[in-house]
Amino acid sequence: MRSIWNGAISFGLVSIPIKLVNATENHAIHFRQIHLADGGRIRYRKVCELDEEEVTGGEIGKAYEDADGTMIPITDEDLAQLPLPTAKTIEIVAFVPADEIDPLQMDAAYYLSANGVPAAKPYTLLREALKRSNKVAVAKYALRGRERLGMLRVVDDVIAMHGLLWPDEIRAPEGVAPDSEVTVRDAELDLADALMDTLGEVDMDSLHDDYREAVEELIAAKAAGETAPPAQSGDSGGGKVIDLIAALENSVRAAKKSRGEGEGEEDGDEGDMADVHPIKKTTSGRTAKKTTQKKSTSKQAPKQTGTKKSTSSTAKKATGKKAAAKSTSSSAKKQTSSGGRSTTKKTTAAPRKRTSA
């Protein structure tokens, strides 16, 4: 990796020559501006506002714009005369617990590489001291013409440095929190806890930029003269939340489904609420079946012991329920004209069909 800065770490009276290397890289896809009429590239040119002529880099200097618009020229010689002890040094000023650093202050990240064989021993000493103390080093350094604040910590076997914003560069969160008073119930907190437990942990290495991949596929398709298939739009869930409890319950169920967890697991959390409805339906179905059987039995008893007249009445009812069916009408007539024993058998069969249906 190419170094972007060479200097030394000042650790008391110990000086450690190091190289500064970018620890991150930007994978964002960049677009160029073009003229829609002919596809020509649009470029920016540096033009003087007074004579409207394009100027070269050697003709451009620095200036500070005052509040009234006045330009105050500042030369490189002016800046070189300013006291900047950290111009080539990362000066450690303190060692503090890592949790004392507000993540809001985190800026760019760098790796510090030992510059040369003599730097290996003091570099390793500082690294091991940071490991054993479980602390981070707060340091000052200068980069790109300004003094900055940094934090040194150990990543694997390398000392990494995070650029930090100065405390006065962090804005207070005034007017950001909700204005109205909101009360959160224990049941809502329990469901939120259940959702957090269901989502669990994630392997950070498995996370990737879906949008960037979609853009890359689009570019590849256009370059090949093809039409990229439209992306499937998923439910973003950005609608207005009407019932917070219902939203949390649905979130728990969705999270379990996405992880392939069974809904019937008795884990005591709110996610098992999805099993309540099927159980109720099954129970009610069994109860209805038992009730139907009882009714059928009570209707069958008098038909078996009844006279020829009651048997004929039962056949007429069966015939009325199956109107427009010639076979049923013919069967009813046969039942009426037949003997008591055979009529009873035919009449008993009809309720059984209705019960099974």
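- Per an unreviewed UniProt entry, the protein is named Non-homologous end joining protein Ku, and its organism is Kitasatospora albolonga.
- Its UniProt record, at the heading Function (unreviewed entry), says of the protein: "With LigD forms a non-homologous end joining (NHEJ) DNA repair enzyme, which repairs dsDNA breaks with reduced fidelity. Binds linear dsDNA with 5'- and 3'- overhangs but not closed circular dsDNA nor ssDNA. Recruits and stimulates the ligase activity of LigD."
- According to its UniProt record, the protein has this under Sequence similarities (unreviewed entry): "Belongs to the prokaryotic Ku family."

1. A few points about the nonpolar core
Then, number 1: Ile9, Ile18, Ile90, Leu112, Leu152 and Met161 are the most contacted members of the largest nonpolar core, which totals 20 residues.
Then, number 2: Among the secondary structure elements, those contributing two or more residues to this core are β1 (3-11), β2 (14-22), β5 (89-97), β6 (106-114), α2 (120-133), β7 (135-143) and β9 (158-164).
Then, number 3: Here this core takes four residues from β7, the largest share from any one element.
Then, number 4: Those residues within four positions of Ile90 in sequence are excluded, and the remaining contacts are Trp5, Ala8, Ile9, Ser10, Ile18, Leu112, Ala139, Lys140, Tyr141, Leu152 and Met161.

2. Observations concerning the pattern of salt bridges
Then, number 1: Enumeration according to the criterion identifies seven salt bridges in this entry.
Then, number 2: Glu128 is paired through a salt bridge with Arg127; the nearest N and O atoms lie 3.0 Å apart.
Then, number 3: Take Glu128: its relative accessible area is 36%, and that puts it in the partly exposed class.
Then, number 4: Put simply, Lys131 and Asp157 hold a salt bridge, and the shortest N to O gap is 3.3 Å. Residue Lys131 is found in helix α2, and its partner Asp157 is found in the loop between β8 (146-155) and β9; the two are separated by 26 residues along the sequence.
Then, number 5: In the salt-bridge network here, residues are joined through shared partners; they are Arg127, Glu128, Lys131 and Asp157.

3. Considering the packing of aromatic side chains
Then, number 1: Following the criterion strictly, the structure yields one aromatic pair and no others.
Then, number 2: When the centroid spacing of 5.9 Å and the interplanar angle of 70° are considered together, the rings of Phe11 and Phe95 count as edge-to-face. Of this pair, Phe11 sits in strand β1 while Phe95 sits in strand β5; the two residues are 84 residues apart in sequence, bridging distant segments of the chain.
Then, number 3: You can call Phe95 partly exposed: its relative accessible area is 34%.

Scoring rules and cut-offs
- Residues numbered from 1 in each chain as written.
- Predicted model: local features only at pLDDT ≥ 70, side-chain atom pairs only at ≥ 80, totals over all residues.
- Heavy atoms only, no water.
- UniProt positions renumbered as here; feature names shortened; annotations may be inferred.
- Core = buried A, V, L, I, M, F, W, Y, C linked by side-chain atoms within 4.5 Å.
- Buried < 20%, exposed > 50% of the residue type's maximum accessible area, 1.4 Å probe, protein only.
- Helix = DSSP H or I, 4+ residues; strand = E, 2+ residues; numbered from the N terminus.
- Contact = heavy atoms within 4.5 Å.
- Salt bridge = Lys/Arg side-chain N within 4 Å of Asp/Glu carboxyl O.
- Phe/Tyr/Trp six-rings, centres within 6.5 Å; stacked < 30°, edge-to-face > 60°.

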